[in-house]
Amino acid sequence: MTKNGLGNLGEDYACDVLEALDYEVLARNFRSRFGEVDIIARKDRFLCFVEVKTRSQGALGRPAAAVTASKQRKILLTAEYYITCHQAEVQRGDLQPRFDCMEVFADEEGRPQAYEYIKNAFDANL
């Protein structure tokens, strides 16, 4: 399975999980000149910017470890851009931004089998 194919399957799986947990998925693969956020979702009073990291069986290390400080800065800048573009919606809902990570674990064939959802996965004050 290609890296991009595995990543896409992981993101599809992550959206399904979030929706099952009563999150409203607002955007996928939201891009700005700064970078990309895999999933933007809303639950209660939180606007969640979710980075999805998918690893197949036998991969070394935790998937979330791949969300480096550089990647975090790109996500933060892209989140700021999203909030600016959707300011009325964010203010109307009095939404608090949160930066999460979903680790998706796939089997040998690349089928997502399990996940770990990490709320507040990184500090927004980088």
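The structure displayed is predicted, hence computed values, not measured ones. (Residues numbered from 1 in each chain as written. Predicted model: local features only at pLDDT ≥ 70, side-chain atom pairs only at ≥ 80, totals over all residues. Heavy atoms only, no water.)

Draft legend 1. Region of the structure containing unusual backbone geometry. Notably, Asn29 is not glycine yet its phi reads approximately 50°, a positive angle. Its place among the elements puts Asn29 in strand E1 (residues 24-31). Residue classification places Asn29 among the partly exposed residues on the basis of a relative accessible area of 25%. Positive phi is not limited to glycine here, since Asp44 has a value of about 55°. Tracing the sequence through the fold places Asp44 in the loop between strand E2 (36-43) and strand E3 (46-56). (Helix = DSSP H or I, 4+ residues; strand = E, 2+ residues; numbered from the N terminus. Buried < 20%, exposed > 50% of the residue type's maximum accessible area, 1.4 Å probe, protein only.)

Draft legend 2. View of helix H2 (residues 69-85). For H2, built from 17 residues, the straight-helix expectation of 24 Å at 1.5 Å per residue is met to within 8% by its first-to-last C-alpha distance of 24 Å. The complete set of buried residues in H2 reads Gln72, Ile75, Leu76, Thr78, Ala79 and Tyr82. Packed against the buried residues of H2 are E1, E2, E3, helix H3 (87-92) and strand E4 (96-106). (Expected span 1.5 Å × (residues − 1). Contact = heavy atoms within 4.5 Å.)

Remember that the coordinates give geometry; whether it matters functionally is a separate question.
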